[in-house]
Amino acid sequence: VISFQFSLHAQLLTWSPQFPADNSSITITVDATKGNKGLQGFSGTVYMHLGVITNLSATPTAWRYVPTTWGSTTAPTATPAGTNKWAFTINNPRAYFNSAAGGVPAGETILRIALIFRNADGSISQRNEDGSDMYVPIYPASSNSIVFTTPALIPYYNLTYEAVNVTLGQALPLAAVASNTT
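Here's a quick rundown of the structure. From a predicted model like this one, the values you see are computed outputs, not experimental measurements. (Residues numbered from 1 in each chain as written. Predicted model: local features only at pLDDT ≥ 70, side-chain atom pairs only at ≥ 80, totals over all residues. Heavy atoms only, no water.)

Things to note about the overall build of the protein
Looking only at helices and strands, the protein features 1 helix and 12 strands. Mapped in sequence order, the helices and strands of the protein form the string β-β-β-β-β-α-β-β-β-β-β-β-β. Along the three orthogonal principal directions, the C-alpha set of the protein runs to about 65 × 45 × 30 Å. Expressed as a percentage of its 182 residues, the buried residues of the protein come to 40%. Counting every atom, the protein has about 9,600 Å² of accessible surface; 52% of that belongs to carbon and sulfur. The positive charge centre, built from 8 side chains, and the negative charge centre, built from 8, are 2 Å apart in the protein. (Helix = DSSP H or I, 4+ residues; strand = E, 2+ residues; numbered from the N terminus. Buried < 20%, exposed > 50% of the residue type's maximum accessible area, 1.4 Å probe, protein only. Areas by Shrake-Rupley, 256 points an atom, 1.4 Å probe, with all protein chains shown as cover. Lys, Arg positive; Asp, Glu negative; His and termini not counted. Charge placed at Lys NZ, Arg CZ, Asp CG, Glu CD.)

Here is the structure:
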């Protein structure tokens, strides 16, 4: 007889709604017990470093329309959302990232929000386990999309999933959500 114990863990980054559009309000929550655990146990003010990846970004690190510089304390702050968790809401990403530098023009497509949660000077930051930036995908308003929610997502540039180990004949837990019911 083979016995198996499986436990589901929270995700590093979650967002609501599940399929955000470039003009919708989106709340992003980080769990510092995941990823690189940079902010785990941190009790100070958590600042946001944000930008967008658009169809004009040459690479995954080519953030556009970044409203503040790294280490700036004029950056927006995240709200505590429980032990080792912080949340930040962006009301309408297209308008939010519309900075004095020109903003996100109507003809430019926002593909992802790029973000890092950090302390005041940026010496401590919450990122993916490998130290890379985190990303939230932005979906076209009329998209028909499906995203698996179990196993947990890893917010890499190309979303990936946490590894799940099962043995032959064992059930693989899966859960998914769809952007449309039709």
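Quick notes on the sheet that holds strand β5 (residues 85–91)
Across the sheet, 4 strands lie side by side as β1-β2-β5-β4; this open sheet has antiparallel pairing. In this open sheet, the two edge strands, each paired with only one partner strand, are β1 (13–16) and β4 (79–80). Examined bridge by bridge, β1 and strand β2 (residues 25–31) share 4 bridges and lie antiparallel to one another. Looking at the pairing, W15 lines up with I28 of β2. (Pairing = 2+ DSSP bridges.)

Observations concerning the packing of aromatic side chains
Tallying each qualifying case throughout the model produces 4 aromatic pairs. Each ring, one from F88 and one from Y96, has its centre 6.2 Å from the other, and the planes form 75°; the classification is edge-to-face. With a centroid separation of 4.9 Å and 80° between ring planes, the pair formed by Y96 and F97 is classed as edge-to-face. For F97, a relative accessible area of 1% corresponds to the buried category. (Phe/Tyr/Trp six-rings, centres within 6.5 Å; stacked < 30°, edge-to-face > 60°.)

Focus: the nonpolar core
Of all hydrophobic cores here, the largest spans 30 residues; its most connected members are L13, I28, I113, L115 and F117. Listed by contribution, the elements that provide at least two residues to this core are β1, β2, β3 (47–54), β5, β6 (110–118) and β8 (134–137). Among the elements that line this core, the one with the most residues is β6, at 4 residues. When residues no more than four places from it in sequence are discounted, the contact partners of I113 are I26, L50, G51, V52, I90, P93, F97, M134, Y135, V136 and I138. Residues I53, W63, I116 and Y135 belong to the second largest nonpolar core, which totals 5 residues. (Core = buried A, V, L, I, M, F, W, Y, C linked by side-chain atoms within 4.5 Å. Contact = heavy atoms within 4.5 Å.)

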